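# Analysis of the macromolecular model
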Amino acid sequence: MPKPPPTPPRSRPEPLLTVDGLRISFSGTEAVRGVTFEVYAGEVLALVGESGAGKSLTARALLGMVPRAATVTGRVLLRGAPVTPADLGRRIARIPQDAQSALSPVHRVEDQLALAARSVRPLRRAEARALARRALAEVGLGPEAAAARPHALSGGMRQRAVIATALVNGPELVVADEPTTALDPERRERILTLLRERCADAGAALLLVSHDLEAVRRHADRVAVLHAGRVAELGPAARVLTRPAAPYTRGLLAALPTEDLPHRSRLPAPDGTPSVPGAPGCAFAPRCPRATDRCRAEEPDLRTAAGHRVACHHPYTEGEAA
Ligand SMILES: Nc1ncnc2c1ncn2[C@@H]1O[C@H](COP(=O)(O)OP(=O)(O)OP(=O)(O)O)[C@@H](O)[C@H]1O
């Protein structure tokens, strides 16, 4: 089913999730360099960008799952308050990449969901099981699949079970990092549609990390384009993916192959040699057709321009040809 038109962010009051100046470094080297964005209740926000841009680390920071070696600064707020461990699995749920390893091979599917439900609130066994069955039915898995062990299910059914597990506790936000990489294109589309529709029905916002810009175009309300650990552009998906303001986003779109290719696990990078990490100025300057001396000297801040946010000294205007 095609996605209904998004509600304009301006009409939304308080953000559900606020990520403010998030920095993640390893031994002094910053991989995420001041990422700021908000997620509004009920929306789908996609994080896109080439490999190494910092998408997964950002998503993991929301889930309290950054690697031990990382130093994290900045703020992650859920309805204005810092995220606590008690919020994880309950108010913020996760859909992992690999449904196979996300489910225990030894337990029946409904028992796993019932366990997830009982881990966050005091429920009797029978209540938890009923909740689990309902959640599984909502993703199209009937009593037979509910009573099966994961190995007896197809890849698509396992992914449905993982979606049901994420939603069983009624989260406000679901974080999905490349949730369909293991599936073929048809199943991928079906699962993404199901994920989006189930989140919408449950009133949960969805933060979707993806390298599939076509899927993002179909499913996301807004897109944040990450580059070299920063947000390069953030705005409505329809605008960012058709008439981007940031030269980096234009480069990313231009690098996409036009013919149908087998599913890629990464986005192709724009042409040219990337900047050296830690070099002054805009990280895209060495590859940017609009770069000036200012771009090579001064890193641009993320500013609101023409209705959405762009980190660029020389953004394209909406009607301007690339
Ligand atoms: N455990 C780690 N130790 C050291 N550096 C790390 C670690 N994890 C990530 N990084 C650094 O952070 C950068 C961003 O990683 P991240 O996984 O967020 O990228 P990504 O945008 O999700 O890329 P991909 O699309 O390839 O998954 C990496 O290029 C790497 O330099």
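Residues numbered from 1 in each chain as written. Predicted model: local features only at pLDDT ≥ 70, side-chain atom pairs only at ≥ 80, totals over all residues. Heavy atoms only, no water.

## Points about the packing of helix 3 (residues 109–120) against helix 6 (residues 155–167)
It is at 9 Å that the axes of helix 3 and helix 6 come closest, and there the two elements cross at 20°. Taken together, the axes of helix 3 and helix 6 are roughly parallel relative to one another. For helix 3 against helix 6, the interelement crossing comes out right-handed. Between helix 3 and helix 6, the residues in contact are Val-109, Leu-113 and Ala-116 and Ala-161, Ala-164 and Thr-165, respectively. (Axes fitted to C-alpha atoms, helices over the stretch in contact; angles between N-to-C directions. Helix = DSSP H or I, 4+ residues; strand = E, 2+ residues; numbered from the N terminus. Parallel < 35°, antiparallel > 145°, perpendicular 65-115°, else oblique. Left-handed = near helix turned anticlockwise from the far one by under 90°. Contact = heavy atoms within 4.5 Å.)

## Considerations on the side chain of Glu-178
On the secondary structure map, Glu-178 appears in the loop between strand 7 (173–177) and helix 7 (185–202). Although Glu-178 is buried, it forms no salt bridge, and the closest oppositely charged side chain is Lys-55 at an N-O distance of 5.4 Å. A distance of 2.5 Å separates a polar atom in the side chain of Glu-178 from a polar atom in the side chain of His-211. (Buried < 20%, exposed > 50% of the residue type's maximum accessible area, 1.4 Å probe, protein only. Lys, Arg positive; Asp, Glu negative; His and termini not counted. Salt bridge = Lys/Arg side-chain N within 4 Å of Asp/Glu carboxyl O. Polar contact = N/O pair within 3.5 Å; in protein donor to acceptor, adjacent residues only side chain to side chain.)

## Digging into the pairing of strand 7
Looking along a regular strand, one sees side chains alternate from face to face of the sheet. Within strand 7, 5 of the 5 residues are buried, leaving the element largely enclosed by the surrounding structure. Where strand 6 (residues 92–95) meets strand 7, 4 bridges bridge the pair, whose relative direction is parallel. By the bridge assignment for strand 7, Ile-95 is matched with Ala-176. One ladder, built from 5 bridges, connects strand 7 with strand 8 (residues 205–209); its direction is parallel. Each bridged residue has a counterpart across the sheet, and for Ala-176 the counterpart in strand 8 is Leu-208. (Pairing = 2+ DSSP bridges.)

## Remarks on the packing of aromatic side chains
Within this structure, the stated rule accounts for 1 aromatic pair. Residues Tyr-248 and Phe-284 carry aromatic rings whose centres are separated by 5.2 Å and whose planes lie at 85° to one another, so their mutual orientation is edge-to-face. Of the two residues, Tyr-248 sits in helix 10 (residues 247–254) while Phe-284 sits in the loop between helix 10 and helix 11 (293–297), which places them 36 residues apart along the sequence. Just as Tyr-248 is buried, Phe-284 falls in that class too. Above the plane of the ring of Tyr-316 lies Arg-250, whose end atom (NZ or CZ) is 3.9 Å from the centre. Arg-290 extends its terminal NZ or CZ atom over the ring of Tyr-316, reaching a point 3.9 Å from the ring centre. (Phe/Tyr/Trp six-rings, centres within 6.5 Å; stacked < 30°, edge-to-face > 60°. Lys NZ or Arg CZ within 6 Å of the ring centre and 35° of its normal.)

## Side note on the pairing of strand 9 (residues 222–227)
Burial analysis of strand 9 places 6 of its 6 residues in the buried class, which makes it a mostly covered element. What you see with strand 9 is no split at all: Arg-222, Ala-224 and Leu-226 on one side and Val-223, Val-225 and His-227 on the other are buried throughout. The pairing of strand 3 (residues 44–48) with strand 9 spans 4 bridges and is classified as parallel. By the bridge assignment, Val-48 is partnered in strand 9 with Val-225.

## Points about the state of the cysteines
On inspection of all chains with the given rule, the structure shows 0 disulfides. Cys-312 supplies the cysteine sulfur nearest to Cys-288, a cysteine that is in no disulfide, at a spacing of 6.0 Å. (Disulfide = S-S within 2.5 Å.)

## Focus on the sheet that holds strand 1 (residues 17–26)
With respect to topology, 4 strands assemble into an open sheet ordered 2-1-4-5, the strand pairing being antiparallel. The open sheet has two edge strands, strand 2 (29–39) and strand 5 (81–82), and neither has a second partner. Pairing between strand 1 and strand 4 (residues 70–78): 8 bridges, direction antiparallel. Residue pairing for strand 4: Thr-18 is matched across the bridge by Leu-77. Packed on one face of the sheet, helix 1 (residues 55–62) meets strand 1, strand 2 and strand 4 and runs near 120° to strand 1.

## Observations regarding the site of the ligand
Surveying the vicinity of the ligand reveals 12 residues, the closest of which are Ser-51, Gly-52, Lys-55, Ser-56 and Leu-57. One nitrogen or oxygen atom from the main chain of Gly-52 is found 2.8 Å from an oxygen atom belonging to the ligand. In this structure, an oxygen atom belonging to the ligand sits 2.9 Å away from a side-chain N or O atom of Lys-55. When the ligand sits alone it has 640 Å² of accessible area, and the protein chains cover 60% of it. (Near = heavy atom within 4 Å. Areas by Shrake-Rupley, 256 points an atom, 1.4 Å probe, with all protein chains shown as cover.)

## Things to note about the pattern of salt bridges
Under the defined criterion, the tally for this structure stands at 24 salt bridges. When the shortest N-O distance is used, the salt bridge between Glu-172 and Arg-91 registers 2.6 Å. Placement of Glu-172 in the loop between helix 6 and strand 7 and of Arg-91 in the loop between strand 5 and strand 6 is noted, with a sequence separation of 81 residues between them. Owing to a relative accessible area of 25%, Arg-91 belongs among the partly exposed residues under this scheme. The network of salt bridges with shared partners includes Arg-108, Glu-110, Asp-111, Arg-129 and Arg-133.

So far we have only geometry, and geometry alone does not tell us how the molecule works.
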